[in-house]
Amino acid sequence: MIVKEEVLDLLESTESYRVERTTNTTNMDKFCEAICAFANDMSGSRKNGYLIIGANDDGSIAGMKVDDNLLKKLLRSVLTAIFCHCLPWRSNGFHIRKGIY
């Protein structure tokens, strides 16, 4: 589990292959892209990736209201990213990697 000091470090660092910040909760494609990139670990770092929702690009907190509707929307987005975009699936005997590249 991540501790408060680690979250603060992530907010102060620059965005990278491991850190994505956003205040936009309507662009689900951005969430899917970040989740797929973290899941694919293209850099081979074997380190966790963090999608920080509610933080501006400069690391400042946006003051977003987090409620049940937002959490449900985020959960749907995460599940869509994992099951529809990140996981390989089979079609006609071939392995096809479906997703956003």
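Rules used throughout
Residues numbered from 1 in each chain as written. Predicted model: local features only at pLDDT ≥ 70, side-chain atom pairs only at ≥ 80, totals over all residues. Heavy atoms only, no water. Helix = DSSP H or I, 4+ residues; strand = E, 2+ residues; numbered from the N terminus. Buried < 20%, exposed > 50% of the residue type's maximum accessible area, 1.4 Å probe, protein only. Contact = heavy atoms within 4.5 Å. Patch = residues over 30% accessible without salt bridge, like charges linked within 9 Å, V, L, I, M, F, W, Y side chains within 5 Å. Areas by Shrake-Rupley, 256 points an atom, 1.4 Å probe, with all protein chains shown as cover. Salt bridge = Lys/Arg side-chain N within 4 Å of Asp/Glu carboxyl O. Lys, Arg positive; Asp, Glu negative; His and termini not counted. Charge placed at Lys NZ, Arg CZ, Asp CG, Glu CD. Expected span 1.5 Å × (residues − 1). Pairing = 2+ DSSP bridges. Right-handed = clockwise from strand over helix to strand, strands pointing away.

Participant: I'd love a proper account of the overall build of the protein, names of residues and values included.
Facilitator: Helices and strands together make up the secondary structure of the protein, namely three helices and four strands. N-terminal to C-terminal, the α/β element order of the protein is α-β-α-β-α-β-β. A buried classification covers 23% of the 101 residues belonging to the protein. Across the protein, every contact between residues at least 6 apart in sequence was considered, and the portion connecting residues at least 24 apart equals 55%.

Participant: Explain a negative patch on the surface to me, and be specific about the residues and the numbers.
Facilitator: On the surface, Glu5, Glu6, Asp9 and Glu12 cluster together into a patch of negative charge. Residue class for glutamate 12 comes out exposed when judged on its relative accessible area of 69%.

Participant: Describe helix α2 (residues 28-40), and please don't skip the residues or the numbers.
Facilitator: Every α-helix winds through 3.6 residues per turn, so residues three or four apart in the chain are directed the same way. Here α2 contains 13 residues, and its C-alpha end-to-end distance of 18 Å stays within 8% of the 18 Å for a straight helix at 1.5 Å per residue. Within α2, the full set of buried residues consists of Met28, Phe31, Cys32, Ala34, Ile35, Cys36 and Phe38.

Participant: So, the pairing of strand β2 (residues 50-53): which residues are in play, and what are the values?
Facilitator: Note: strand β1 (residues 19-22) against β2, four bridges, orientation parallel. Note on β2: the bridge partner recorded for threonine 22 is isoleucine 53. Following the chain from β1 across α2 to the adjacent parallel β2, one finds a crossover that is right-handed.

Participant: Break down the environment of isoleucine 82 for me, citing the residues and quoting the values.
Facilitator: Examined against the element boundaries, isoleucine 82 turns out to sit in helix α3 (residues 68-86). A relative accessible area of 31% places isoleucine 82 in the partly exposed class. The spatial distance from the C-alpha of isoleucine 82 to the C-alpha of alanine 39 is 8.5 Å, given a sequence separation of 43 residues.

Functional significance is not addressed by these values, which are geometric in nature.
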